[in-house]
Amino acid sequence: MSQSRKMTCHIHLKKGVLDPQGVTIKQALENLGYDDVLEVRSSKVFTLTFREDTDGDLTLRAQEICRKLLANPVIEQFTVEEG
Amino acid sequence: MKFGVVTFPGSNCDYDNYMAIKERLLQPVEFIWHKDADIGTFDCICLPGGFSYGDYLRSGAIARFSPVMRAVIDYANRGGLVIGICNGFQVLLESGLLPGAMLRNRSLRFICKYIYLRCENNSTPFTNQIEAGEVVKIPIAHADGNYYSYNGDIKELTANGQVIFRYCTPAGKITDAANPNGSTASIAGICNRKGNVLGMMPHPERAAETLLGSEDGLKVFASTLAALKSGVARVAT
């Protein structure tokens, strides 16, 4: 299967939405001495492998999948990229 | 009045709801399997707590696409009474039947304990047996119960009387310390604009008899029954 048949979807919490995991990880980093880290935001990554004969624009298809299921539009936004 | 309790793979409060309705409310109740697209005739449908589909992706995100939810969404859109408790509330949010979303608790911990709720609107089918401003004691048990919505949504929910329960002190004061999970505006339960769909994080079915520590939760079910008996909320499934 060629590389171009894969799409990677990144799901992040929207700006301004509290990320309790990020806040807690930042505190742990401070405890480890990394006081130069201003903020930690967590995100999710999904890699979709499409059948080689999938028709149409895979970017549009991956975006549709993000909108329908992978991301919750109330709190999250997404980006998709090939590969 | 016939109640239905949906069982998703991973539901773990379906029997609690069933028993509260059968043994305490003394009403007929049946389980509804998540694969059933035709749910038959019910007067009220409960979506129970638990970890439907393992809470994979986001709590409630996979359950929302199960065959039974198509029927539940249709039932709710026709005015049928739907109660989503804990994971059931999360499923209702993911389904778009209620506005907003759940974030991880601000402590990042799973919290399981009795808390106090103030009833913010007692003229709904789910709260008519509760006094306005009454404080009820009902337990929570969740990791993702930090209710979030846009500022504009919160204002609209409040103005429309859609905020049904808020976390409070035993005396009924809304304070940050009495907010167990960081929910916006201390929100513990909301209903839709039409008032026929309730979502709440606390578990009324776990507080349906004094042996369990409180029977305040029974008031939610008793209210539903009273609304159904008055005839205003009955919808054919």
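Everything below is about the structure printed above this text.
Everything numeric in this text was worked out from a predicted model, so none of it was measured.

Peer 1: Help me understand the overall build of chain A, please; the structure alone is not making it clear to me.
Peer 2: When helices and strands are counted, chain A shows two helices and three strands. Going from N to C terminus, chain A has its helices and strands arranged as β-α-β-α-β. Each principal axis of the C-alpha distribution contributes one length, and for chain A these read about 50 × 30 × 15 Å. Taken over 83 residues, chain A has a buried fraction of 29%. Taking all contacts inside chain A whose residues are at least 6 apart in sequence as the whole, residues at least 24 apart take part in 72%. For chain A, the exposed surface amounts to about 5500 Å²; the carbon and sulfur share of it is 51%. On chain A, the mean spot of the 11 positive side-chain charges and the mean spot of the 13 negative ones are 6 Å from each other.

Peer 1: Teacher, can you tell me more about unusual backbone geometry here?
Peer 2: One can expect most non-glycine residues to show negative phi and most peptide bonds to be in trans. All names here are of chain B. The backbone of C86 sits at a positive phi, close to 55°, despite the residue not being glycine. Inspection of the secondary structure puts C86 in the loop between strand 4 (81–85) and helix 3 (87–95). At A185, a residue that is not glycine, the phi angle is positive and equals roughly 55°. On the secondary structure map, A185 appears in the loop between strand 9 (163–168) and strand 10 (187–191). The exposure class of A185 is partly exposed, given its relative accessible area of 33%.

Peer 1: Quick question: what am I supposed to make of the interface of chain A and chain B here?
Peer 2: In many reports, interface size means the accessible area that the parts give up when they come together. If you look at the interface, chain A gives 18 residues, while chain B gives 16 residues. Between chain A and chain B, the buried area comes to about 1300 Å², and carbon and sulfur atoms account for 67% of it. Inspection of the chain A/chain B interface yields one salt bridge. Across the contact surface, chain A and chain B share seven residue pairs in polar contact (both at pLDDT 80 or more).

Peer 1: Please clarify how the sheet that holds strand 3 (residues 76–82) of chain A should be interpreted in this entry.
Peer 2: Sheet strands associate in pairs through backbone hydrogen bonding, adopting either a parallel or an antiparallel arrangement. Residues and elements named next belong to chain A. The sheet built from three strands is open, its strands ordered 2-1-3 with antiparallel pairing. Looking at strand neighbours, the two that pair on one side only are strand 2 (43–49) and strand 3, the edges of this open sheet. Averaged over all pairs of adjacent strands, the angle between their axes in this sheet comes to 20°, without regard to strand direction. By the bridge criterion, seven bridges tie strand 1 (residues 6–13) to strand 3 in an arrangement that is antiparallel. Paired with L13 across the bridge in strand 3 is E76.

Peer 1: Where do I start with the sheet that holds strand 4 of chain B in this structure?
Peer 2: Residue and element names in this part refer to chain B. Taken in spatial order, the nine strands line up as 2-1-3-4-11-10-9-6-7 in an open sheet, and their pairing is mixed. The open sheet terminates on both sides in strands that have one partner only, identified here as strand 2 (29–33) and strand 7 (135–142). Going across the sheet, the axis of each strand differs from the next one's by a mean of 25°, ignoring polarity. The strands touched by helix 3 are strand 3 (44–47), strand 4, strand 10 and strand 11 (197–200); relative to strand 4, the strand with the most contacts, the crossing angle is about 120°.

Peer 1: What should I look at first to understand the packing of aromatic side chains in this one?
Peer 2: Here the distance between the centres and the angle between the planes together describe a pair of aromatic rings. Residue and element names in this part refer to chain B. Per the counting criterion, the structure on display carries seven aromatic pairs over all chains. Where Y15 meets F31, the ring centres are 4.7 Å apart and the plane angle is 50°; that geometry is what we call tilted. On the criterion of sequence distance, the pair formed by Y15 in helix 1 (residues 14–24) and F31 in strand 2 is long-range, its members being 16 residues apart. Residue classification places Y15 among the exposed positions, given a relative accessible area of 53%. Between Y18 and F31, the ring centres sit 4.5 Å apart and the planes meet at 15°, which makes this aromatic pair stacked. Of the two residues, Y18 sits in helix 1 while F31 sits in strand 2, which places them 13 residues apart along the sequence. Classification of Y18 as buried rests on a relative accessible area of 18%. On the basis of relative accessibility, which here comes to 30%, the residue F31 falls in the partly exposed class. Among the aromatic residues, ring-to-ring pairing joins Y15, Y18 and F31 into one connected group. Its end group placed over the ring of F42, K2 keeps NZ or CZ at 4.7 Å from the ring centre.

Basis of the calculations
- The numbers attached to residues start from 1 for each chain and follow its sequence in the written order.
- Whichever chain is written first becomes A and whichever ligand is written first becomes 1, with later ones labelled in order.
- Only residues with pLDDT of 70 or above have their local features reported here, since the model is predicted, and side-chain atom pairs are shown and tallied only from 80 upward, although totals for entire chains, interfaces and linings are computed over all residues.
- Each side-chain value is worked out from all heavy atoms of the structure, with water and hydrogens disregarded.
- Starting at the N terminus, helices and strands are each numbered in turn, a helix being any DSSP run of H or I of at least four residues and a strand any DSSP run of E of at least two.
- Relative accessibility decides the category of a residue: with a 1.4 Å probe and only protein chains considered, values under 20% of the type maximum give buried, values over 50% give exposed, and everything between is partly exposed.
- In this analysis, two residues are considered to be in contact whenever any of their non-hydrogen atoms come within 4.5 Å of each other.
- Surface accessibility in these figures is a Shrake-Rupley result with a 1.4 Å probe; residues are shielded only by whichever protein chains are displayed.
- Only four residue types enter the tally: Lys and Arg on the positive side, Asp and Glu on the negative side; His and the chain ends are excluded.
- A single reference atom marks each charge: NZ on Lys, CZ on Arg, CG on Asp, CD on Glu.
- The term buried area refers to how much accessible surface (probe radius 1.4 Å) is lost by two components on association, counted for both of them together.
- By definition, a salt bridge exists where a carboxyl oxygen of Asp or Glu is found within 4 Å of a side-chain nitrogen of Lys or Arg.
- We call two N or O atoms a polar contact when they sit within 3.5 Å, provided that within protein one can donate a hydrogen and the other can accept it, with sequence-adjacent residues counted only if both atoms are side-chain atoms.
- Pairs of strands are assigned from DSSP output, requiring at least two bridges between the strands.
- Angles here are taken between N-to-C directions and fall from 0 to 180 degrees, while the axes themselves are lines fitted to C-alpha atoms, restricted in helices to the stretch in contact.
- By convention, a stacked pair of Phe, Tyr or Trp rings (six-membered ring in the case of Trp) has centres within 6.5 Å and planes under 30 degrees apart, an edge-to-face pair has planes over 60 apart, and any other such pair is tilted.
- Here, over-ring charges are defined by two tests on the NZ atom of lysine or the CZ atom of arginine: distance to the ring centre within 6 Å, and angle to the ring normal within 35 degrees.

Read these as layout, nothing more, since geometry by itself doesn't imply function.
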